[in-house]
Amino acid sequence: MRILALNSSPRDNETSKTELVLQTFLTGARRAGAVAETLYLRNYKIKHCLGCYGCWLQTPGKCVQQDDMTDVLFNRYLEADLVVLASPIYHATMNARMKIFVERTMPMMDPLKEPPEAGGVPHRFEKMPKVVALSVAGYWEQTMFDALSLTWRMCLGNDLIAEIYRHSSEFLSVPEFQVTVQPVLDALVDAGEEVVRQGKINPATMAAITQDLAPADIMARLAREFWSQAPEV
Ligand SMILES: Cc1cc2nc3c(=O)[nH]c(=O)nc-3n(C[C@H](O)[C@H](O)[C@H](O)COP(=O)(O)O)c2cc1C
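Residues numbered from 1 in each chain as written. Predicted model: local features only at pLDDT ≥ 70, side-chain atom pairs only at ≥ 80, totals over all residues. Heavy atoms only, no water.

Caption draft 1: Broad picture of the side chain of Ser8. Tracing the sequence through the fold places Ser8 in the loop between β1 (2-7) and α1 (17-31). Within the structure, the side chain of Ser8 is placed 2.8 Å from the side chain of Asn95, a separation counted as a polar contact. Contact partners of Ser8, with chain neighbours within four places excluded, come to Leu41, Ala86, Ser87, Pro88, Asn95, Arg97 and Met98. (Helix = DSSP H or I, 4+ residues; strand = E, 2+ residues; numbered from the N terminus. Polar contact = N/O pair within 3.5 Å; in protein donor to acceptor, adjacent residues only side chain to side chain. Contact = heavy atoms within 4.5 Å.)

And the structure:
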């Protein structure tokens with residue numbers, strides 16, 4: 001299985017919690033035999049969709065613009081067996097960089113075809129990758145991913161085979177939390193293996209990934225402490 005992971009965090013790889021969760025997941029996927037590569041959207045020039053429908057009408061299947069999306073990312077997406085779309089939660093949904101990328105996948109849709117029975121969009125191309133959605137949120141409630149999950153399910157239909165959402169993200173690398181965090185990381189490795197071997201994540205693994213690190217009132221207090229000590233940039 002060839003996996004292409006796209007990480008839309010603007011942060012460097014040592015700081016990004018999307019990266020931590022993503023790479024831990026990919027460790028499990030590789031353990032199960034997959035070949036995985038990560039591309040960082042911050043390194044690519046992706047223009048906004050023009051809304052011209054040129055990719056449906058003038059040049060079906062191809063955007064009328066030229067940039068890294070048309071030159072690199074579009075084909076890399078189609079070549080993969082599985083794509084991991086990894087975005088931090090910004091304002092209760094995917095961040096803008098990921099949204100710009102997603103809007104530029106418009107040429108992959110064919111409006112003349114019937115939509116799949118299972119929902120999602122009608123594909124233009126015969127082979128489309130399956131997708132795993134992955135995200136992290138600073139807040140300590142799983143409901144923070146509700147809007148993102150609805151968006152991915154509506155856009156991807158049956159192509160979406162798993163969703164990995166980890167709240168309380170900034171605490172994943174706090175040394176005092178490592179005992180509590182380790183089972184989360186172990187479960188992320190398991191999730192990578194399960195997706196490759198069986199195409200889905202077991203409910204017990206999901207429960208371990210999403211487990212609370214501490215009760216909400218304690219998380220709220222710790223979050224205030226975290227921000228009062230955050231280093232200036
Ligand atoms: C502009 C901005 C908006 C954010 N909005 C939310 C939000 O709505 N809910 C939330 O739980 N966290 C929010 N966060 C926190 C991030 O999700 C969190 O810091 C996460 O770890 C960022 O991912 P990264 O470390 O991979 O960049 C926001 C952060 C930024 C910078």
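Once the structure has been displayed, the description carries forward.
Caption draft 2: View of the packing of aromatic side chains. For the coordinates displayed, the defined rule picks out eight aromatic pairs. Summarising the aromatic geometry, the rings of Phe145 and Tyr165 are spaced 4.9 Å apart at their centres and angled 10 degrees between planes, so their arrangement reads as stacked. Of the two residues, Phe145 sits in the loop between β5 (130-136) and α4 (146-156) while Tyr165 sits in strand β6 (residues 160-166), which places them 20 residues apart along the sequence. Residue classification places Tyr165 among the buried positions, given a relative accessible area of 6%. Clustering of aromatic rings is evident, with ring pairs tying together Phe171, Phe177, Phe226 and Trp227. (Phe/Tyr/Trp six-rings, centres within 6.5 Å; stacked < 30°, edge-to-face > 60°. Buried < 20%, exposed > 50% of the residue type's maximum accessible area, 1.4 Å probe, protein only.)

Caption draft 3: The site of the ligand, seen in detail. The ligand sits among 18 residues. The nearest are Ser9, Arg11, Ser16, Thr18 and Glu170. Separating an oxygen atom of the ligand from a backbone N or O atom of Lys17 is a distance of 2.8 Å. Here an oxygen atom of the ligand and a backbone polar atom of Ile89 are 2.8 Å apart. For the ligand, whose unbound accessible area comes to 630 Å², protein coverage reaches 76%. Contributing elements (two or more residues each) for the shell around the ligand: α1 and β3 (82-90). (Near = heavy atom within 4 Å. Areas by Shrake-Rupley, 256 points an atom, 1.4 Å probe, with all protein chains shown as cover.)

Caption draft 4: Up close: the environment of Phe226. Among the secondary structure elements, Phe226 is positioned in helix α7 (residues 216-229). Judged by its relative accessible area of 27%, Phe226 is partly exposed. Taking the C-alpha atoms as reference points, Phe226 and His123, separated by 103 residues in sequence, lie 45 Å from one another.

Caption draft 5: Structural detail: unusual backbone geometry. Even without being glycine, Tyr53 reaches a positive phi, approximately 60 degrees. Mapped onto the secondary structure, Tyr53 falls in the loop between β2 (35-40) and α2 (68-79).

Caption draft 6: Looking closely at the pattern of salt bridges. By the definition in use, this model includes nine salt bridges. Note that Arg76 and Glu79 form a salt bridge whose closest N and O atoms lie 4.0 Å from each other. A residue pair is termed a helical-turn pair when its members lie 3 or 4 positions apart in one helix, as Arg76 and Glu79 do in helix α2 at three residues. The class for Glu79 is partly exposed, based on a relative accessible area of 43%. When salt bridges that share partners are traced, they join Arg11, Lys17 and Glu170 into one network. (Salt bridge = Lys/Arg side-chain N within 4 Å of Asp/Glu carboxyl O.)

Caption draft 7: Highlighting the pairing of β1. Counting buried positions over the six residues of β1 gives five, a clear majority of the element. Where β1 lies against β2, six bridges are found, and the strand directions are parallel. Among the inter-strand pairings, Ala5 is bridged to a residue of β2, identified as Thr38. Both β1 and β3 contribute to a ladder of five bridges, which runs parallel. Opposite Ala5, over in β3, you have Val84 as the bridge partner. (Pairing = 2+ DSSP bridges.)

Caption draft 8: Broad picture of the nonpolar core. The biggest cluster of nonpolar side chains holds 39 residues, and the ones touching the most others in it are Ile3, Phe25, Ile164 and Phe177. Elements that contribute at least two residues to this core include exactly β1, α1, β3, β5, β6, α5 (178-198) and α7. Counting residues per element, this core draws most heavily on α5, which supplies eight residues. Contact partners of Phe25, with chain neighbours within four places excluded, come to Val84, Val132, Leu134, Ile164, Leu188, Ala191, Gly192 and Val195. The next biggest cluster of nonpolar side chains, apart from the first, holds 30 residues, and it includes Leu4, Met94, Met98 and Phe145. (Core = buried A, V, L, I, M, F, W, Y, C linked by side-chain atoms within 4.5 Å.)

Caption draft 9: A look at the environment of Ile201. Note that Ile201 resides in the loop between α5 and α6 (203-209). The sequence separation of Ile201 and Cys49 amounts to 152 residues, and the corresponding C-alpha distance is 33 Å. With sequence-adjacent residues up to four places away left out, Ile201 is seen in contact with Ala162, Ile164, Ala191, Glu194, Val195 and Met206.

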